[in-house]
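Structural overview for review
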Amino acid sequence: MSQTDQQLWEAFRKGDQPSFARLYKRYYADLYFYSLKLTQDPAIAEDVIHDTFIYMWQNRKRLGRVTSLKFYLLRSVRNQCLRQLQKKQKVENIEQVYESIVFRVQPQELKLKDTSEEVRIRIEMALEELSPRQREIIHLKYFENLDYQEIAELFSINYQSVVNLVHRAIVKLREADVLKFLDNG
Amino acid sequence: MDYEYEMNVNKTIHDLIADPTFISWVQKSGGARDNYWEEWAQASPENAALAEEASAMVRGIPFREQRLPEETVDAKWRTLLNDLPATPPPARKEYVALLNPWHVAAAITFLALTAGLAYWALRPAYVEYQTGNGERLEIALPDGSSLTLNANSHLGFHLPFDRGDAREVDLRGEALLEIKTLPDQRPFRVRTSDLTVEVLGTTFNVHSRRATSVVSLISGRVQLRSSRGDTLTITPGQSAWFDAARNDFTVDTGDAVSRCAWVEQRWVFEEPVPFATVLEQVSDLYGLSWELSDPALLEKELEGDISIESKQVLLNSLSLALDVEIIETGESEIFIKEKD
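Residues numbered from 1 in each chain as written. Chains lettered and ligands numbered in written order. Predicted model: local features only at pLDDT ≥ 70, side-chain atom pairs only at ≥ 80, totals over all residues. Heavy atoms only, no water.

1. A closer look at the overall build of chain B
For clarity, the cut-off: Each helix is a run of DSSP H or I of at least 4 residues and each strand a run of E of at least 2, with the numbering of both proceeding from the N terminus. Partly exposed residues are those whose accessible area sits between 20% and 50% of the maximum for their type, while under 20% is buried and over 50% is exposed, using a 1.4 Å probe and protein chains only. Here the open area of atoms and residues is found with the Shrake-Rupley method and a 1.4 Å probe, where only the protein chains shown may cover a residue.
Helix and strand counts for chain B stand at eight helices and 19 strands. Across the 340 residues in chain B, those meeting the buried criterion constitute 46%. Just so you have it, chain B exposes about 17,200 Å², and 50% of that area is on carbon and sulfur atoms.

Encoded structure:
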């Protein structure tokens with residue numbers, strides 16, 4: 001029943017509003033949760049998505065084909081979030097904005113085999129040990145299902161660095177002895 | 001190749017996660033090297049740790065699904081729709097690119113009249129939208145109301161929108177309207193060839209083709225007025241039209257929602273409906289003209305839900321539901337016959 005992203009994208013580029021609406025509704029939640037984790041600010045998160053989609057509509061004729069719509073949207077939203085944070089923090093340097101990103105990932109976002117308070121605390125502490133970038137990469141890789149190459153492009157780092165960052169995060173989780181509680185079904 | 005699979009070869013995380021035989025072992029899909037990996041993982045504590053880490057990377061960190069309520073997302077969409085600049089339709093090769101109607105100071109343009117999506121603005125400012133075959137357009141009105149215009153339909157209104165004692169639009173064809181109640185209670189009117197529909201704030205569908213307008217109410221209150229001045233107020237769930245032959249209104253209760261299903265790309269027939277009626281709707285939607293191998297086919301009946309996502313989907317659904325063969329004999333012609 002559902003149209004593919006490609007079909008919706010092509011129709012949207014030709015100006016079909018119902019297809020644009022469908023794209024918006026299909027991705028809204030994911031983009032909102034991602035923006036919220038990046039900015040910690042619901043108002044900014046909403047504005048970012050709003051501005052991103054307005055921009056898309058106004059420039060639809062100039063946008064080319066996309067190979068991965070999800071990647072395109074996440075990247076657009078990420079860039080918008082950084083710009084908004086820079087405005088809010090009134091800093092000159094975008095590097096300072098990167099440092100301010102927390103990107104909290106909480107145990108209740110994960111599927112666990114053991115949901116006791118004790119295990120949740122252990123997982124929470126283990127996640128705190130990771131850098132915000134590691135948490136963001138884990139979110140993009142395992143929640144959003146981007147591939148390593150896309151994540152590399154998003155952060156302007158190389159593929160091997162992405163793999164290493166994920167690996168080191170997993171090492172921390174193994175050392176905290178919490179890997180066994182993850183429920184991969 | 002085989003050297004890689006000896007016991008003492010040092011492996012890195014990069015080697016493991018890129019190795020299809022390792023992935024196969026992790027996913028327990030019965031690969032040829034499963035025994036090798038089993039042994040390798042137990043060969044030393046370092047291997048065991050690396051195997052566990054690489055397995056975790058392959059299997060992934062399991063996240064729960066996160067959702068927002070549909071109504072919330074729908075509301076966000078509506079806010080966005082209001083802020084989208086009123087847009088000219090996609091420029092087709094035959095047409096001249098057009099102007100944003102809200103720039104009232106802009107020059108006049110015009111457009112040739114043929115099938116297809118077109119839009120033009122005339123000074124002092126009467127805005128018009130026209131849809132073609134299979135096209136739907138969501139339109140945001142200046143007062144914050146919105147509507148979805150169905151295929152082969154026409155909507156027009158004056159600017160400024162808040163002049164006079166009421167907000168008014170002219171409609172030919174079909175539209176589902178969601179009208180905002182204004183603080184000053186100014187009514188909203190839809191004018192068709194045979195009716196004026198007046199509302200305060202509400203969601204309703206107007207189907208106006210072949211000189212008869214059917215109004216279906218989802219929520220709120222509307223009043224219908226015929227060109228003669230007869231009036232009728234309907235309540236949610238009801239559909240009504242002015243029957244010129246009887247010179248009176250006719251009301252249908254309970255089918256309002258089905259009549260609006262087209263907005264969600266479906267037709268809903270709660271009671272069996274003759275194929276002839278369905279063909280009329282197909283024609284309204286896609287501009288198709290049809291021919292039958294046998295007029296008796298018109299008596300076939302259709303009931304239930306039909307998807308109208310595209311011409312193809314619709315024709316396929318119809319041929320399945322009615323057990324007929326539908327052949328496209330031209331750009332907008334179909335031929336219908338019994339299945340052999």
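2. Description of the overall build of chain A
So the rule is basically this: In this description, contact between two residues means that some pair of their heavy atoms is separated by no more than 4.5 Å.
What chain A contains, in helices and strands, is nine helices and zero strands. Listing the helices and strands of chain A from first to last along the sequence gives α-α-α-α-α-α-α-α-α. Within chain A, the proportion of its 185 residues that are buried is 52%. A separation threshold of at least 6 residues defines the contact pool for chain A, and within that pool the share at least 24 residues apart is 62%. About 9,000 Å² of surface is accessible on chain A, with carbon and sulfur atoms providing 46% of the total.

3. Observations regarding the packing of aromatic side chains
Here is the rule we go by: In this scheme Phe, Tyr and Trp rings, the latter by its six-membered ring, pair at centre separations within 6.5 Å, and the angle between planes marks the pair as stacked below 30 degrees, edge-to-face above 60, and tilted otherwise. Criterion for a charge above a ring: Lys NZ or Arg CZ within 6 Å of the ring centre, and within 35 degrees of the ring normal.
Scanning the entire structure with this criterion turns up 22 aromatic pairs over all chains. Centroid distance F22 of chain B to W37 of chain B: 5.1 Å. Interplanar angle 80 degrees. Geometry classified as edge-to-face. Of this pair, F22 of chain B sits in helix 2 (residues 20-26) while W37 of chain B is found in helix 3 (residues 34-42), placing the two residues 15 residues apart along the sequence. A single burial state applies to F22 of chain B and to W37 of chain B, both of which are buried. One aromatic cluster in this structure is built from W9, F12, F20, Y24, Y28, Y32, F33, F53, W57 and Y72 of chain A together with W77 of chain B. Over the aromatic face of Y148 of chain A sits the side chain of K141 of chain A, whose NZ or CZ is 4.5 Å from the ring centroid.

4. Some points on the interface of chain B and chain A
Rules: When two parts are put together, the accessible area they lose, computed with a 1.4 Å probe and summed over both, is reported as buried area. The working definition used for a salt bridge is a side-chain nitrogen of Lys or Arg within 4 Å of a carboxyl oxygen of Asp or Glu. The term polar contact refers here to a pair of N or O atoms within 3.5 Å; inside protein, the definition further demands a hydrogen-donor-capable atom paired with an acceptor-capable atom, and it admits residues adjacent in sequence only when both atoms are side-chain atoms.
Contacts between chain B and chain A engage 37 residues on the former and 47 residues on the latter. Of the roughly 4,100 Å² buried at the junction of chain B and chain A (both faces included), carbon and sulfur atoms supply 66%. Together, I61, F63 and Q66 of chain B form the three largest contributors to the area buried by chain B at its contact with chain A, with a combined 19%. Remark: the boundary between chain B and chain A carries three salt bridges. The closest approach of N and O atoms between D74 of chain B and K25 of chain A, which form a salt bridge, is 3.3 Å. In this structure, the connection of chain B to chain A is made through 13 residue pairs in polar contact (both at pLDDT 80 or more). Sorting the residues of the side of chain B that touches chain A by element identifies helix 1 (13-18), helix 4 (45-59), helix 5 (70-83) and strand 3 (137-140) of chain B as the ones contributing at least two each.

5. Thoughts on empty space enclosed by the protein
The condition that has to hold: Whether a set of points on the 1 Å grid over the protein atoms alone is a cavity depends on a 1.4 Å probe fitting there but being unable to get out, while an open set qualifies as a pocket with protein on both sides within 12 Å along at least five of seven lines; lining residues are those with an atom within 4 Å of a point. Grid points are joined across faces, edges and corners, and a volume is the space filled by probe spheres set on the points.
Considering all chains together, one arrives at four cavities of 30 Å³ or more under this definition. Estimated volume of the second largest cavity: approximately 60 Å³. Every residue lining the second largest cavity is listed: V105, L110, L127, L130, R135, I138 and L173 of chain A together with I61 and F63 of chain B.

6. Thoughts on the layout of surface pockets
The line we're drawing: Polar here means any residue other than Ala, Val, Leu, Ile, Met, Phe, Trp, Tyr, Cys and Pro, which are nonpolar, and Asp, Glu, Lys and Arg, which are charged; Gly is therefore polar.
Here the largest pocket defines a volume of roughly 1,500 Å³. Lining of the largest pocket is provided by 46 residues; of these, R22 and K25 of chain A together with E70, D74 and E264 of chain B occupy positions nearest its centre. Elements with a minimum of two residues in the lining of the largest pocket: helix 2 (17-39) of chain A together with helix 5, strand 4 (146-149), strand 6 (167-179), helix 6 (256-260) and strand 15 (266-274) of chain B. The biggest single contributor to the lining of the largest pocket is helix 2 of chain A, with eight residues. A class-by-class count of the residues in the lining of the largest pocket yields 19 nonpolar, ten polar and 17 charged.

7. A short note on the pairing of strand 14 (residues 248-253) of chain B
Residues and elements named next belong to chain B. Going by this rule: Note on pairing: two strands pair once DSSP finds at least 2 bridges between them.
Pairing analysis gives six bridges linking strand 13 (residues 238-243) to strand 14, with the strands arranged antiparallel. Bridge pairing in strand 14 links W241 to T250. A loop of four residues connects strand 13 with strand 14, the two strands running antiparallel in sequence, and N247 in this loop sits at a positive phi of about 60 degrees.

8. Quick word on unusual backbone geometry
Residue and element names in this part refer to chain B. Its identity is not glycine, yet N152 carries a phi of approximately 50 degrees, on the positive side. With respect to the helices and strands, N152 occurs in the loop between strand 4 and strand 5 (154-158). When its relative accessible area of 26% is taken as the criterion, N152 is described as partly exposed. Positive phi, normally seen in glycine, also occurs at D323, with a value near 60 degrees. One can find D323 in the loop between helix 8 (311-322) and strand 18 (324-330). Relative accessible area serves as the criterion here: at 44%, D323 is assigned to the partly exposed category.

9. Points about the nonpolar core
Convention followed: Throughout this description, the term nonpolar core refers to a set of buried Ala, Val, Leu, Ile, Met, Phe, Trp, Tyr and Cys residues connected via side-chain atoms within 4.5 Å.
Counting 91 residues, the largest nonpolar core has W9, F20, F53 and M56 of chain A together with M57 and I61 of chain B as its most contacted members. Here this core gets twelve residues from one element, more than from any other, and that element is helix 2 of chain A. Those residues in contact with F20 of chain A that lie beyond four places of it in its chain are F12, F53, M56 and W57 of chain A together with W77, L80 and L84 of chain B.

10. Looking at the side chain of S146 of chain B
All names here are of chain B. Within the secondary structure, S146 is located in strand 4. For S146, a relative accessible area of 10% gives the class buried. In this structure, S146 is in contact with L81, I139, A140, L176, L177 and E178, ignoring residues within four places of it in sequence.

11. Some points on helix 1 (residues 5-13) of chain A
Among the residues of helix 1 of chain A, those classed as buried are L8, W9, E10, F12 and R13 of chain A. Looking at the buried side of helix 1 of chain A, the elements it contacts are helix 2, helix 3 (42-58) and helix 4 (69-89) of chain A.

12. Brief notes about the side chain of T52 of chain A
Residue and element names in this part refer to chain A. Mapped onto the fold, T52 is located in helix 3. Overall, T52 belongs to the buried group, its relative accessible area being 5%. A polar atom in the side chain of T52 sits 2.7 Å from the backbone oxygen of V48. Residues contacting T52, with those up to four places away along its chain left out, are S76, V77 and Q80.

13. Thoughts on the confidence of the model for chain A
The condition that has to hold: A residue's pLDDT is the confidence the predictor assigns to it, expressed on a 0 to 100 scale.
In this model, chain A carries a mean pLDDT of 91, and residues with pLDDT of at least 70 account for 99%. Taken element by element, the predicted model of chain A shows its lowest mean pLDDT in helix 5 (residues 94-100) of chain A (83) and its highest in helix 7 (residues 132-143) of chain A (96).

14. Some remarks on a negative patch on the surface
Residue and element names in this part refer to chain B. Our working rule: Patch membership requires more than 30% relative accessible area and the absence of a salt bridge. Residues of like charge join within 9 Å; the nonpolar side chains Val, Leu, Ile, Met, Phe, Trp and Tyr join within 5 Å. For the charge count, each Lys or Arg is scored as positive and each Asp or Glu as negative, with His and the chain ends excluded. By convention, the charge on Lys lies at NZ, on Arg at CZ, on Asp at CG and on Glu at CD.
Residues E270, E271, E299, E301 and E303 make up a contiguous surface patch of negative charge. Contributions of two or more residues to the negative patch are made by strand 15 and strand 17 (301-307). Judged by its relative accessible area of 60%, E299 is exposed.

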